[in-house]
Amino acid sequence: MGSRYQNDLVNSVFVVLACILAGMLAACTPIFDAPPVRTSSGSPRVTFAGAPANVCQAATQIRFTPEVAGPWADDATAQWTLRAAEDATVLGQGEWRPDMKELLVAFPNGAALAPGRYRLTLRMGDALLAEQTFTVNADSTAITAFALAMAPTGPSVPQLATGVQHFYLRYTYADACLGTPYWITVRHNDALVCTYSATLSQAAGVETVPCYRKDGAVLEDGGYTVELTMMGRVYHHDAFQVGVAPTPTPLPPAPTPTVAPIVTPTPLPVVCAPLFAAAGLTPDGEPFLPRDRFEWYSQVIYVGTQCVNLPAAASWESAWYRNGRRVREAQGVWDGSGGVGTVWDSITGIPSAPFLLGGTYTVSLTLEGCAPLTTTFRLIPYIKP
């Protein structure tokens, strides 16, 4: 009986000692925190800077510039999805990371989307990082007016006179999509005369485009056609004539005076020579080195005309175009006397770029009360040996 009691006591002591030792080992074992689990609240925040709210119907893609706030793991990638705003059907999807900078969303099959609202979502796993909606606008661009002119701001003319070298096309448009590319072509007997392309910088306004042959040759008499194309669609087609003078409108007969009229002297009409382009002017106002081709190192070019019967303080304005794009506008007043003198304007380089850029220049000079004068010249670009 005593022996059994002793054995039970020994076993109990061993059990207690084993429990104490196990507790000590557990207390000495280091405890590590479990790795954090990414949740939606811990995901980076993304915003689309300057996201477009409207897109032209002809667009085949849209670009976003995501801005990230918060940590972004080096190996993390987000997924973007494009859908219609009211439809769960996926139209396009792809991946994006901050090192890609822009997020380019190409429309399905490289084709334009139907007009309506669309939604782009950016996710990382189940976490929504950003969402942006935009509208594809229906095409409603309209050409509301078209005119020919001999100066950018001059009056419109029904046709062009014989011997012109260049002229201006003036379009008035409305309800256009910003950034819409457009092309203008003028042909004579199916032969290309001039072409011009640019993008619209506003939704409505007036575009003035010069037209001339690259070699500066005079336009032949005959019929011409002009066509305006936007986004692959012809928006305006017109025809005009060169060489047919407009029929003057007859003036009504003057009433028979009942008393002798007071005779006032009629001012003589202003008569000006054709517009010249020159490297300079002499002290007497004569053109120095007039020509229609200038070398690449030209730093200033003068354009002017010599006139008689000029009234005192006659006002003038000029417009300069290089390769069809306006580069200078100016206004001034003739400060001569005696009714005879030279009216001129010039274009110069700037201190950081003293040499004028090469290309074909067209210039119009308009004196108050006179028809605009125009000329064309070329500035030969520098060619590296």
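In what follows, the structure referred to is the one given above.
None of the values given here were measured: they were computed from a predicted structure.

Q: Which residues make up the overall build of the protein, and what values do they have?
A: If you tally the helices and strands in the protein, you get one helix and 27 strands. Burial status across the protein gives 35% buried among its 385 residues. At a minimum sequence separation of 6, the contacts of the protein that also span at least 24 residues come to 62%. In the form shown here, the protein has an accessible surface area of approximately 23,300 Å², with 57% of it arising from carbon and sulfur atoms.

Q: Can you tell me about the sheet that holds strand S23 (residues 315-322), naming the residues and giving the values?
A: Read across the sheet, five strands follow the order S21-S27-S26-S23-S24 without closing on themselves; strand pairing throughout is mixed. Each edge of the open sheet is held by one strand with a lone partner, namely strand S21 (293-294) and strand S24 (325-333). Judged from the two bridges that link them, S21 and strand S27 (residues 373-379) form a sheet pairing that is parallel. Pairing of arginine 293 across the sheet is with arginine 378, part of S27.

Q: I'd love a proper account of the state of the cysteines, names of residues and values included.
A: According to the stated counting rule, one finds two disulfides in the structure shown. Linked covalently through their sulfurs, cysteine 194 and cysteine 211 form a disulfide whose S-S length is 2.0 Å. Its torsion about the S-S bond being -110°, the disulfide of cysteine 194 and cysteine 211 is classed as left-handed. Here cysteine 194 is found in strand S14 (residues 191-199), whereas its partner cysteine 211 is found in strand S15 (residues 205-212), with 17 residues between them in sequence. A residue is classified by how much of its surface remains accessible, and cysteine 211, at 1% relative accessible area, is buried. The residue that forms a disulfide with cysteine 272 is cysteine 307, at a sulfur-sulfur distance of 2.0 Å.

Q: Give me the nonpolar core: which residues, what numbers.
A: Nonpolar side chains tend toward joint burial in soluble globular proteins. Leu160, Phe167, Leu169, Tyr182, Ile184, Val186 and Phe240 are the most contacted members of the largest nonpolar core, which has 27 residues in total. Sorting the residues of this core by element identifies strand S12 (166-174), strand S13 (181-188), S14, S15, strand S16 (222-230) and strand S17 (233-242) as the ones contributing at least two each. Excluding residues that lie within four positions of it along the chain, valine 186 makes contacts with Phe167, Leu169, Ala191, Leu192, Val193, Cys194, Cys211, Tyr224, Thr225, Val226 and Phe240. Of all hydrophobic cores here, the second largest spans 25 residues; its members include Ala76, Ala78, Leu82 and Leu129.

Q: Account for the pattern of salt bridges, with residues named and values stated.
A: One pass over the structure, following the stated rule, counts six salt bridges. With a shortest N-O distance of 3.3 Å, arginine 97 and aspartate 99 are connected by a salt bridge. Accessibility expressed as a relative area gives 30% for arginine 97, which makes it partly exposed. The class for aspartate 99 is exposed, based on a relative accessible area of 55%. A salt bridge links aspartate 345 to arginine 328, with the nearest nitrogen and oxygen atoms 2.8 Å apart.

Q: Outline the side chain of serine 364, listing residues and values.
A: Tracing the backbone shows serine 364 in strand S26 (residues 359-367). Residues in contact with serine 364, not counting those within four places in the same chain, are Met150, Ala151, Pro152, Tyr168, Glu317, Ser318, Ala319, Leu373 and Thr374.

Q: Outline the packing of aromatic side chains, supporting the account with residue identities and numerical values.
A: Tallied over the entire structure, the rule returns 16 aromatic pairs. Taking the centre distance of 5.1 Å and the plane angle of 45° together, the rings of phenylalanine 146 and tyrosine 171 count as tilted. Of this pair, phenylalanine 146 sits in strand S10 (residues 142-149) while tyrosine 171 is found in strand S12, placing the two residues 25 residues apart along the sequence. With relative accessibility at 2%, the residue tyrosine 171 sits in the buried group. Aromatic pair tyrosine 224 and phenylalanine 240: ring centres 5.5 Å apart, planes at 15°, arrangement stacked.

Reading the values: rules and limits
Residues numbered from 1 in each chain as written. Predicted model: local features only at pLDDT ≥ 70, side-chain atom pairs only at ≥ 80, totals over all residues. Heavy atoms only, no water. Helix = DSSP H or I, 4+ residues; strand = E, 2+ residues; numbered from the N terminus. Buried < 20%, exposed > 50% of the residue type's maximum accessible area, 1.4 Å probe, protein only. Contact = heavy atoms within 4.5 Å. Areas by Shrake-Rupley, 256 points an atom, 1.4 Å probe, with all protein chains shown as cover. Pairing = 2+ DSSP bridges. Disulfide = S-S within 2.5 Å. Core = buried A, V, L, I, M, F, W, Y, C linked by side-chain atoms within 4.5 Å. Salt bridge = Lys/Arg side-chain N within 4 Å of Asp/Glu carboxyl O. Phe/Tyr/Trp six-rings, centres within 6.5 Å; stacked < 30°, edge-to-face > 60°.

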